[in-house]
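Overview (structure and organization)
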Amino acid sequence: MASSEPLVLHLLPSLHVGGVERGVLDLCAARPATSAVASAGGPLEASLGTAAKRWSTLARRDPLSVLLINPLVISAWTRRLSVDVLHAHSRALGVSAAIARGLCRTLGLRRVRYVYTWHGYYDTSSPLKRLWYAALLAADGLIFPSAALRDAVRASFGSAVRADAEAI
C-alpha cells in the first residue's frame, strides 16, 4: 500500500557530523517510506542504512552547478521518485531547489513544493546576496530553528518573509 504522506527529498551538501545532518538522519529513521536524501555523501551516509533512498552526487557548489547542473539532477530525481517536497538544508542547494521546482512546473510535472530551513545568520549587505536569498525566501515553506533567527531575517527582509514561517 502506498503511503499517503508526501515523499520528501532532503538536500544537504554532505553527511558529515553536524546538527543538520543528525536531524535529517532522525527524520529519515522516523519516516523511512517517505524520505530520500541527496548529498555528496560522507561518514554519516552509512547511518542511513535502509532508512531512506539516497544519492551522492550533489558535490559541487560552483555557480554552474548551483544554477544548472544541480537543478537538472534534482528535477530528474523528482520525476523518477515522484517526490512531493524538496527540502533544502543549505543556501546553495536552496537556490538549486528553487530552480528545480520551476523546471518541474515548466515541464508540466505535477506540483512539487519547496521548503527551506534557514540555519543561520547570513550577511545581507550586498545586493547580489540579497538577490541570492530571494530564491530562499520564495520557498513554499520556511523553517527557522528559533524565533530569534526568524525575527532577524524578518528585520532584514521585511514582508518578503512568509507570514507562516515556522520557528521550531
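Structure report, in brief. (Residues numbered from 1 in each chain as written. Predicted model: local features only at pLDDT ≥ 70, side-chain atom pairs only at ≥ 80, totals over all residues. Heavy atoms only, no water.)

Glancing now at the side chain of Glu21. Inspection of the secondary structure puts Glu21 in helix H1 (residues 19-30). Arg22 provides the closest opposite charge to the buried, unpaired Glu21, separated from it by 8.5 Å. (Helix = DSSP H or I, 4+ residues; strand = E, 2+ residues; numbered from the N terminus. Buried < 20%, exposed > 50% of the residue type's maximum accessible area, 1.4 Å probe, protein only. Lys, Arg positive; Asp, Glu negative; His and termini not counted. Salt bridge = Lys/Arg side-chain N within 4 Å of Asp/Glu carboxyl O.)

Attention now goes to the packing of aromatic side chains. Each aromatic ring pair is summarised here by two numbers: the centre-to-centre distance and the angle between the ring planes. Applying the stated criterion across every chain yields a total of seven aromatic pairs. When the centroid spacing of 5.8 Å and the interplanar angle of 25° are considered together, the rings of Tyr122 and Tyr133 count as stacked. In this pair, Tyr122 is assigned in the loop between strand S5 (113-117) and helix H4 (127-137) and Tyr133 in helix H4, connecting sequence segments eleven residues apart. Across this residue pair, the class does not change: Tyr122 and Tyr133 are buried. (Phe/Tyr/Trp six-rings, centres within 6.5 Å; stacked < 30°, edge-to-face > 60°.)

Right, let's get into the packing of helix H2 (residues 63-81) against helix H3 (residues 91-106). At their nearest, the axes of H2 and H3 sit 8 Å apart, and the two run at 55° to each other. Of the possible angle classes, the one that applies to H2 and H3 is oblique. Note on packing geometry: the crossing formed by H2 with H3 is right-handed. Residues Ser65, Val66, Leu67, Asn70, Pro71, Leu72, Ile74, Ser75 and Thr78 of H2 form the contact with H3, whose own contacting residues are Ala92, Leu93, Val95, Ser96, Ala97, Ile99, Ala100, Leu103 and Cys104. In terms of residue class, the contact of H2 with H3 is made up of 13 nonpolar, five polar and no charged. (Axes fitted to C-alpha atoms, helices over the stretch in contact; angles between N-to-C directions. Parallel < 35°, antiparallel > 145°, perpendicular 65-115°, else oblique. Left-handed = near helix turned anticlockwise from the far one by under 90°. Contact = heavy atoms within 4.5 Å. Nonpolar A, V, L, I, M, F, W, Y, C, P; charged D, E, K, R; others polar.)

Moving on, we get to the nonpolar core. Core analysis: the largest hydrophobic core is formed by 37 residues, its most contacted members being Leu11, Leu86, Tyr116 and Trp118. Looking at this core, the element that brings in the most residues is H3, giving seven residues. The contact partners of Trp118, leaving out residues within four places of it in the chain, are Tyr133, Leu136, Leu137, Ile143, Phe144, Pro145, Leu149, Val153 and Phe157. (Core = buried A, V, L, I, M, F, W, Y, C linked by side-chain atoms within 4.5 Å.)

A rise of 1.5 Å per residue sets the reference length of H1, with its twelve residues, at 16 Å; its end C-alpha atoms lie 16 Å apart and thus fit the reference within 8%. Within H1 the residues assigned to the buried category are Glu21, Val24, Leu25 and Cys28. The buried residues of H1 occupy an angular sector of 100° when the element is viewed end-on, so they sit on one face. Exposed side of H1, more than 90 degrees from the buried face: Gly19 and Ala30 are the residues found there. (Expected span 1.5 Å × (residues − 1). Arc of directions from axis to C-beta.)

Now for the environment of His87. With respect to the element layout, His87 can be found in strand S4 (residues 85-88). Along the primary structure His87 and Thr117 are separated by 30 residues, whereas in three dimensions their C-alpha atoms are 7.5 Å apart. Contact partners of His87, with chain neighbours within four places excluded, come to Val8, Leu9, His10, Leu11, Val115, Thr117 and Ile143. Reaching out from His87, the side chain makes a polar contact with the side chain of Thr117 at a distance of 2.6 Å. (Polar contact = N/O pair within 3.5 Å; in protein donor to acceptor, adjacent residues only side chain to side chain.)

As a further point, take the pattern of salt bridges. Under the counting rule described, the total for this entry stands at seven salt bridges. In this structure, the salt-bridge partner of Arg105 is Asp140, at a minimum N-O distance of 3.9 Å. Within this pair, whereas Arg105 is found in helix H3, its partner Asp140 is found in the loop between H4 and strand S6 (141-144), the two being separated by 35 residues in sequence. The exposure class assigned to Arg105 is partly exposed, which follows from its relative accessible area of 39%. Among the ionic contacts, a cluster of salt bridges with common partners joins Arg101, Arg105, Arg111 and Asp140.

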